[in-house]
Structures are given as C-alpha cells and as structure tokens.
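Understanding the architecture of this molecule
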Amino acid sequence: MKELKNLISNKHKIVITTHVNPDGDAIGSSLALYNYLINMGHEVNVIVPNDFPDFLKWMHNVDEILNFSNSKEESADLISEASIIFCLDFNNLERINSLGDLISDSSAKKVLIDHHLEPDEFYDFKIHDINVSATAELVYDFLFYIDPKLIDKKIAEALYTGILTDTGSFKFSITPKVHTVIASLLDKGVDTNYINKKIYDSNSFDKLKLLGYALSEKLELTSNGNVAYIALSRQELLDHNFKKGDTEGLVNYALSIENVNMAVLIIETKERIKFSFRSSGKFSVNQFARKYFNGGGHKNAAGGSLEDKLSVALKKFLENISNYSKELNY
Ligand code: 5GP
Ligand code: MN
C-alpha cells in the first residue's frame, strides 16, 4: 500500500476494471475507487466486461462506466494509454474474457484488489485477503490508508453497497472489523434505508414471478436432501421476460432449506451454461467448481460454466455431486 500510495501521488491515466456479470461488490468497489481517484485529480475510466443489473444503477457516476461489450475500440484505446490498471474483485484475467487479453498485453502497472481464493500472478501490486467480507472492505482499507478524510458520502455509499451485497446483508464473512468499517461509513452520512430499498426492494413483477416459478416448479433435492438445485432453461427465462439480475439471490432460497448444505443454480445463457454454487459450513464449493466446472470463487460461494446443453450440464452436475454424499452430510 505504501508503494502504491507513492505511485499515485503523481497524476496518472488509470483504468479500473472488474469481473464479468458485475455484482454489487464489483460495481461498488469500482465506483468508490473511481470517485476517490477522480477527486485526487487522476484521469480515470471504469471498464466492465458486460452489463450489470439495474438495481445497481443509482450509484454516483454509474453512468460514466464503460461497457466493453459495446465499446471495444474506446476501451482498447483507454487500456493502451493507461499507466495503472486496477483489477477489482476477480482473481484471474480469464474471468474477464477478451478484456483480459488487452490488460495482459498492456505495459501499465497492474494492481489486484481482491478477496477470492488463489489469485493468478498477473499483477505488480496486490491488496489481497480471503478473510475480508468483500473487495469493498479492501478498497476501504486502501483509501483509509491514503487519506480517510477524502472518503466522502458518495464513496461511502459505494463501499457500503459492496459490503452489504457480498455479505448477504451482513450474514456471511462477518468479523468485528466489518462492523467497524460500516460504522465509519455510516458516519460519512450513508442513507442505509435508501440503499437497501434500491437493492432489495426494487424487484420487477417479472423477477418475482420467475422466483415463484423456480421455487414451485423447478426446485429439486438430491444427495439425501443435503443438496438443492434449480435448473432454468433459456426458454423458461424468456417466458418470464428475463433481465440481467433477475436470478440474483435465487440460489440462496435453495440453500435456506433445512439440512441443505449445498445449493446450485444452473442457468442456460445464450453462450453457455452458468453455475452458481453455494454451501454452508465445511464443504468447499470453490474446490468443486474448480475441479468440474472451470470455475472458482470462495469456499462457500463460487461459480463456473460449461459450453454444453443444459440437460448434459445438469447430468454432469448430478453425477459429480453424487460422489460427495458423505462429505455433504453434516
Ligand atoms: P455467483 O454465483 O454470484 O455468480 O458467483 C459467486 C462467486 O463465485 C463470486 O465471488 C464470483 O466472483 C465467483 N465466480 C462466479 N462465476 C465464476 C467463474 O466462472 N469462475 C470463477 N473463477 N469464479 C466465479
Ligand atoms: Mn466480492
């Protein structure tokens, strides 16, 4: 942090990027850092690999974010001109698809700020800790280290959002320090009622109908009731006017069932089958996702994907998970 603080004491062209399908921590961390660096006088751009849910589109300067999937040339120019690139909330460049190649080719200093397991070594600086609640907590630590007075209300709101969403509303990865950080953010004037309404009480009618359909028609148990899963086809999503973010939180309903220690949401997207894995307790979905589904993440929350048909992907999941029925019974 000391070296990095020295580096950014001079003005730079900076790019901030984050993972594909950005979530609250990805966008919150990126905008907090963006707003802070802008206030310091840097020339900064946030580039995300693809679009993100509407329930995050209220944060300060969210309209400044560049979506790589529909502005490839502009993004490539900004990356080639940048002298520092921040990589937030992901642990390897493959997680950001072809944007990762541009970053890999760039001669800019790369800064990883992340809390996922086993990061690849593509960075010049790293602020990494798997024991924090969210990348936003690490961004907070860094900004606090540079100068806590420069953390204003808008920056605090973005950091609060990252921690709020990645902890499932302060349920997971909670340490005494998380609450200390949150207390200091609230001291900056964060309106928690407003943010919670924006994030959790702004559901569309279609999203709730899809939730109802998934729970009543698609929720299944396996592995002696220790595993719950939901698989949704592209057609089922289209039938419910699916929009990005509409399946967010769905997997947690499956995990909330008594005796269920692992839950999975399997979604057929246009390009591939996407898996969202969750567990409670000792079973590592990070390892499971890495081993069978080209993925990873955290011990209790991970993701992965397959380029296959939904039926094949589901079969592969059921076959693989059947080998773990002993480990999943606790
Ligand atoms: P989600 O299920 O909410 O998409 O992701 C859960 C966690 O796993 C997040 O921390 C996310 O960054 C990570 N994750 C999701 N999909 C992938 C993937 O395909 N590869 C890797 N390495 N991590 C993923
Ligand atoms: Mn995160």
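1. Focus on the packing of aromatic side chains
Think of a pair of aromatic rings as described by two things: how far the centres are apart, and how the planes are tilted against each other in angle. Taken as a whole, this structure holds 19 aromatic pairs when the rule is applied. Their ring planes at 75° and their centres at 5.7 Å tell us that Phe 283 and Tyr 324 sit as a pair that is edge-to-face. With a gap of 41 residues between them, Phe 283 in the loop between β10 (273-279) and α12 (285-292) and Tyr 324 in the segment after α13 (310-321) connect regions that are remote in the sequence. The pair Phe 283 / Tyr 324 is uniform in exposure class, with both members buried. Taken together, the aromatic side chains of Tyr 229, Phe 275, Phe 277, Phe 283, Phe 288, Tyr 292, Phe 293, Phe 317 and Tyr 324 make up a single cluster linked through ring pairs. Sitting over the face of the ring of Tyr 145, Lys 5 holds its NZ or CZ atom 5.3 Å from the ring centroid. Over the aromatic face of Phe 52 sits the side chain of Lys 57, whose NZ or CZ is 5.1 Å from the ring centroid.

2. Some points on the domain arrangement of the chain
As far as domains go, the chain holds domain 1 (2-200) and domain 2 (205-328). Domain 1 puts 13 residues into the contact, and the matching count from domain 2 is ten residues. Taken together, the two surfaces of domain 1 and domain 2 that pack against each other cover about 950 Å², and 51% of this comes from carbon and sulfur. For the pair domain 1 and domain 2, the number of links is five residue pairs in polar contact (both at pLDDT 80 or more). A breakdown of the residues in the side of domain 1 that touches domain 2 according to their chemical character gives four nonpolar, five polar and four charged.

3. Things to note about the sheet that holds strand β9 (residues 262-268)
Spatial strand order, β7-β8-β9-β10-β12-β11: six strands in an open sheet with mixed pairing. Where the open sheet ends on each side, the last strands, each with one partner, are β7 (219-222) and β11 (296-297). In this sheet, strand β8 (residues 227-232) lies alongside β7 in antiparallel orientation, the contact comprising four bridges. Bridging from a neighbouring strand, Thr 222 pairs with Val 227 of β8. In this fold helix α9 (residues 205-218) packs onto β7 and β8, with an angle of close to 120° to the strand it touches most, β8.

4. Considerations on the pattern of salt bridges
Note that side chains of opposite charge can pair when their charged atoms are close. Counted by the stated rule, this structure contains ten salt bridges. Note that Glu 118 and Arg 290 form a salt bridge whose closest N and O atoms lie 3.8 Å from each other. Linking Glu 118 in the loop between β5 (109-114) and β6 (125-128) with Arg 290 in helix α12, this pair joins segments that are 172 residues apart in sequence. A salt bridge links Asp 141 to Lys 177; its shortest N-O distance comes to 2.8 Å.

5. Some points on the coordination of the manganese ion (ligand 2)
Protein coordination at the manganese ion (ligand 2) comes from Asp 25 (OD), Asp 89 (OD), His 115 (NE2) and Asp 166 (OD), with a distance range of 2.2 to 2.4 Å. For Asp 25, a relative accessible area of 0% translates into the label buried. Given the relative accessible area of 21%, Asp 166 is considered partly exposed.

Thresholds applied
Residues numbered from 1 in each chain as written. Chains lettered and ligands numbered in written order. Predicted model: local features only at pLDDT ≥ 70, side-chain atom pairs only at ≥ 80, totals over all residues. Heavy atoms only, no water. Phe/Tyr/Trp six-rings, centres within 6.5 Å; stacked < 30°, edge-to-face > 60°. Helix = DSSP H or I, 4+ residues; strand = E, 2+ residues; numbered from the N terminus. Buried < 20%, exposed > 50% of the residue type's maximum accessible area, 1.4 Å probe, protein only. Lys NZ or Arg CZ within 6 Å of the ring centre and 35° of its normal. Domains from an automatic or database assignment. Contact = heavy atoms within 4.5 Å. Buried area = accessible area lost by both parts, 1.4 Å probe. Polar contact = N/O pair within 3.5 Å; in protein donor to acceptor, adjacent residues only side chain to side chain. Nonpolar A, V, L, I, M, F, W, Y, C, P; charged D, E, K, R; others polar. Pairing = 2+ DSSP bridges. Axes fitted to C-alpha atoms, helices over the stretch in contact; angles between N-to-C directions. Salt bridge = Lys/Arg side-chain N within 4 Å of Asp/Glu carboxyl O. Donors = N, O, S within 2.8 Å, 3.2 Å for Na, K, Ca; no water.

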